[in-house]
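Letter by letter, the chains look like this.
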Amino acid sequence: MLSVASSGPACTECLVVDSCGVDTSELSKCLLQQQCSVHQCSFDQTSELLEHTDIDLIFLHTCFTDTNALSELHYLRQQYPNIPVIIFDHQLNVERIDELMLWRASDYISTARLSDDVLQRVLRYNLKVRQYNSEIERLNQQDPLTGMINRQQFYKELSERLKPLRKGEPSKHFALISIDLDGFRRFNNINGYSAGDIVVKEMSKRLSELAPGLISRQGNDEFIMLLETPADEGLTHKTTQLCIQLLHRLTDPYNYNDLEVILPCSIGAALAPQHSCEPDTLINQATQARVKAKETSSCSYIIFDNKNSLSNDSHVAIESDLISAIRRNEFELFYQPRIDILSGKIIGAEGLIRWRHPEKGLIFPDLFIPTAERTGLIVPIGYWVIQQAGEDIQRLQASGLEIKRLSINLSFRQFQDSYLCRTIQRLIEKYAIDTSVLEFELTESALFNNELHVRQGIEELHKLGINFSLDDFGTGYSSFSLLQKLPISSLKIDRSFVSGIYNNNPDDREIVKALIRLALSLNKEIIAEGVETVQQLSFLASHGCHQAQGYLYSKPVTFTEFKDLLEHGYQLTTESAVNL
């Protein structure tokens with residue numbers, strides 16, 4: 001029998017994953033006959049095994065009727081993108097194969113018709129894919145000019161090395177050192193980019209000789225390195241010594257076209273855990289110190305000092321805290337009831353995120369969402385909100401309570417995530433989310449920030465059964481043309497117009513009436529936000545507004561409090577509101 005693994009000294013490491021509790025010994029036996037090394041585990045054990053074993057190929061068993069298989073496949077492709085995942089099952093029809101391949105399965109095997117030739121073909125093909133993937137990964141991790149690891153890979157490795165500090169296990173301390181050359185841009189402009197490349201390559205060589213640890217080129221002439229010392233050694237002293245050595249070595253002349261060019265350098269350093277244990281914060285602090293050194297004098301170094309920080313903007317602190325908040329699950333969904341105006345019954349709610357900070361208490365979204373949007377952290381936060389809303393829908397239904405809609409906000413930044421629809425579909429399947437209840441609220445800015453891309457995303461999500469509403473309706477100026485094109489089922493009148501109904505502002509009253517008429521003519525539900533007075537409620541009811549939410553009914557409350565409101569049949573009609 002021809003062995004696939006015979007071409008090299010190392011055998012092929014295969015992981016056979018069973019998600020249904022079936023006997024996988026037959027496949028394992030066949031793989032062993034091909035001189036493969038076989039590991040077997042359940043899906044729940046995969047992460048632990050993959051963390052300690054270098055696996056070449058993953059064989060994932062998927063029951064024909066198992067709806068979790070797609071989410072398991074998606075997880076493996078997300079977490080281990082360079083390892084081919086081969087699906088195997090006793091029966092696989094064309095429709096199932098197409099679905100699995102769409103979810104990025106690398107290959108498939110029907111164990112009912114498994115032969116040596118088929119298995120050898122699968123192994124050869126996927127080992128070659130693995131080889132190509134490894135080469136691509138290596139190239140993606142390298143800076144093409146210097147051969148050093150690039151910025152993305154440095155950040156990844158830095159995060160791993162800082163993990164023990166974040167867990168309170170300070171066995172080692174670190175100094176993050178940022179370096180660049182003074183006057184490099186001018187040198188580049190005068191002599192050309194090829195001359196600049198020669199200098200940068202020589203600079204990288206000198207840095208590697210002085211500190212052969214973790215070093216990366218961040219761009220142009222900017223490098224960053226990590227100094228690692230035992231916790232009981234003087235980190236500040238060792239950092240100072242290294243900075244002095246770097247200054248002397250980097251100011252030696254660079255040779256270019258038989259000329260000697262001297263380019264001074266500036267160096268900044270930040271210490272962990274003294275200054276921070278978060279990668280973003282440390283990089284920011286080291287960069288600040290380097291910029292300060294450049295401003296102070298040529299050819300100098302500065303170790304970061306919080307007292308002399310270049311920026312005390314609150315968003316810098318918020319950004320590092322947000323990363324920790326995601327990891328520690330510090331967020332909470334509050335719910336503001338949505339009321340049917342005619343019956344006074346709660347028929348839905350809007351989920352509103354809150355951050356329960358361990359030191360600062362409850363933080364409202366206007367203080368952290370802008371930072372989340374700017375940094376892209378809104379994407380994982382958004383997925384957490386969807387998951388939590390799905391779990392809460394399940395809990396309500398398990399208690400025998402029903403609501404028509406549970407709405408949550410979807411940021412336009414989330415549409416920039418190419419895995420948005422697939423991830424949401426995985427969450428829907430994993431948590432059995434009732435999509436007829438789930439509703440995503442969009443703003444007009446989301447629609448027009450990247451109109452075509454967002455529209456495609458909305459249409460894909462709508463196919464999953466998800467409803468959409470347009471928030472802050474009336475504050476934009478171009479969305480009317482899209483109302484009939486997009487699957488938007490409801491419109492929300494902005495609170496700024498509602499507040500002006502009886503606030504000596506006849507324009508607001510006319511706008512509200514016009515918005516209600518427009519919604520009714522388009523056969524869409526109309527919801528008024530920010531209803532706080534009986535007069536506002538009466539005006540809205542008299543002009544045909546369907547639903548309302550606001551402090552007249554309830555402020556946003558915790559899930560437990562919202563559940564109590566539903567259980568007690570809380571009602572508020574225009575007549576009973578008079579007695580408030």
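The notes below deal with the structure included here. The residue count restarts for each chain, going from 1 along the sequence in the order it is written. Selection of residues for local features in this predicted model requires a pLDDT of at least 70, selection of side-chain atom pairs for listing and counting requires 80 or more, and totals for whole chains, interfaces and linings are taken over all residues. The basis for the side-chain values is all heavy atoms of the structure; hydrogens and waters are excluded.

**Here's the deal with the overall build of the protein**
Numbering of helices and strands runs from the N terminus; a helix is a DSSP stretch of H or I covering at least four residues, while a strand is a stretch of E covering at least two. What the protein contains, in helices and strands, is 21 helices and 21 strands. At a minimum sequence separation of 6, the contacts of the protein that also span at least 24 residues come to 68%. Here, two residues are considered to be in contact whenever any of their heavy atoms come within 4.5 Å of each other.

**Side note on the sheet that holds strand β3 (residues 57-61)**
One open sheet holds the five strands; their spatial order is β2-β1-β3-β4-β5, and the pairing between them is parallel. Taken across any chain shown, the strands that pair with only one partner, and hence form the sheet edges, are β2 (37-42) and β5 (107-110). Neighbour-to-neighbour, the strand axes of this sheet turn through a mean angle of 25°, independent of strand direction. At least two DSSP bridges between two strands are needed for those strands to be called paired. Where strand β1 (residues 13-18) and β2 come together, six bridges link them in parallel fashion. Residue pairing in the sheet places Cys14 in a bridge with Val38 of β2. Lines fitted to C-alpha atoms define the axes, with helix axes restricted to the stretch in contact, and inter-axis angles between N-to-C directions lie between 0 and 180 degrees. Each of β1, β3, β4 (85-89) and β5 is contacted by helix α5 (residues 116-140), which is oriented at about 165° to β5, the strand it contacts most.

**What to know about helix α9 (residues 235-250)**
For a helix, the expected span equals 1.5 Å multiplied by the residue count minus one. If you check α9, its first and last C-alpha atoms are 22 Å apart, about what 16 residues at 1.5 Å a residue would give, namely 22 Å. Each residue gets one of three labels from its accessible area relative to the maximum for its type: buried under 20%, exposed over 50%, partly exposed in between, using a 1.4 Å probe on protein chains only. Among the residues of α9, those classed as buried are Leu235, Thr239, Leu242, Cys243, Leu246, Leu247 and Leu250. Viewed along the axis of α9, the buried residues span an arc of 140°, placing them on a single side of the element. For α9, the exposed residues lying more than 90 degrees away from the buried face are His237 and His248. Arc definition: directions from the helix axis to the C-beta atoms.

**A short note on the pattern of salt bridges**
Counted as salt bridges are all cases of a side-chain nitrogen of Lys or Arg within 4 Å of a carboxyl oxygen of Asp or Glu. For the coordinates displayed, the defined rule picks out 27 salt bridges. Ionic pairing is found between Lys172 and Glu228, a salt bridge with its closest N-O pair at 2.8 Å. Taken together, the positions of Lys172 in strand β6 (residues 172-181) and Glu228 in strand β8 (residues 222-230) put the pair 56 residues apart, joining distant regions of the chain. In this structure, Lys238 engages Glu233 in a salt bridge whose closest nitrogen and oxygen atoms are separated by 3.5 Å. With relative accessibility at 32%, the residue Lys238 sits in the partly exposed group. Taken together, the shared-partner salt bridges connect Asp180, Asp182, Glu222, Arg290 and Lys294 into one network.

**Let's talk about the layout of surface pockets**
A probe matching the size of a water molecule, rolled over the atoms, marks out where space remains unfilled. Using protein atoms alone on a 1 Å grid, points that fit a 1.4 Å probe yet trap it form a cavity, whereas open point sets bounded by protein on both sides within 12 Å along at least five of seven lines form a pocket; residues with an atom within 4 Å of a point count as lining. Grid points are joined across faces, edges and corners, and a volume is the space filled by probe spheres set on the points. Considered as a void within the structure, the largest pocket measures approximately 1,300 Å³ in volume. As for the largest pocket, its lining consists of 36 residues, of which Tyr75, Gln78, Gln79, Ile326 and Pro380 are closest to the centre. When contributions to the lining of the largest pocket are tallied by element, the ones reaching two or more residues are α2 (46-52), α3 (69-79), α6 (151-166), α10 (279-296), α11 (314-328), α13 (378-398) and α14 (420-430). Top contributing element to the lining of the largest pocket by residue count: α13, with six residues. Looking at side-chain class alone, the lining of the largest pocket contains 15 nonpolar, eleven polar and ten charged residues. Space inside the second largest pocket adds up to approximately 940 Å³. Lining the second largest pocket we find 40 residues, and of these Glu350, Leu352, Pro365, Asn409 and Asp471 sit closest to its centre. For the lining of the second largest pocket, the elements supplying multiple residues, two or more each, are β13 (331-340), β14 (346-357), α12 (369-375), α13, β16 (405-409), β17 (438-442), α15 (444-449) and β18 (467-473). We call Asp, Glu, Lys and Arg charged. Ala, Val, Leu, Ile, Met, Phe, Trp, Tyr, Cys and Pro are nonpolar, and the rest, Gly among them, are polar. Grouping the amino acids of the lining of the second largest pocket by side-chain chemistry returns 18 nonpolar, eleven polar and eleven charged.

**Overview of the packing of α13 against α14**
Between α13 and α14, whose axes approach to 10 Å, the crossing angle comes to 25°. Taken together, the axis directions place α13 and α14 in an arrangement best described as roughly parallel. Considering only the axes of α13 and α14, their crossing is right-handed. Contacts between α13 and α14 involve Tyr383, Ile386 and Gln387 from the former and Leu420, Thr423, Ile424 and Leu427 from the latter. By the definition adopted for this analysis, an angle is roughly parallel if under 35 degrees, roughly antiparallel if over 145, roughly perpendicular if from 65 to 115, and oblique otherwise. By definition, any crossing whose near helix is turned counterclockwise from its far helix by less than a right angle is left-handed, and any crossing with a clockwise turn is right-handed.

**A word on the pairing of β4**
Looking down a regular strand, the side chains alternate between one sheet face and the other. Counted residue by residue, β4 has five buried out of five residues, so it is predominantly covered. Here β4 shows a buried face lined by Val85, Ile87 and Asp89 and a second buried face lined by Ile86 and Phe88. In this structure, β3 lies alongside β4, joined through four bridges in parallel fashion. Bridging from a neighbouring strand, Leu60 pairs with Ile87 of β4. Clockwise travel from the first strand over the helix to the second, with the strands pointing away from the viewer, marks a crossover as right-handed. In the classification by handedness, the crossover that spans β4, the intervening helix α4 (residues 94-102) and the parallel β5 is right-handed.

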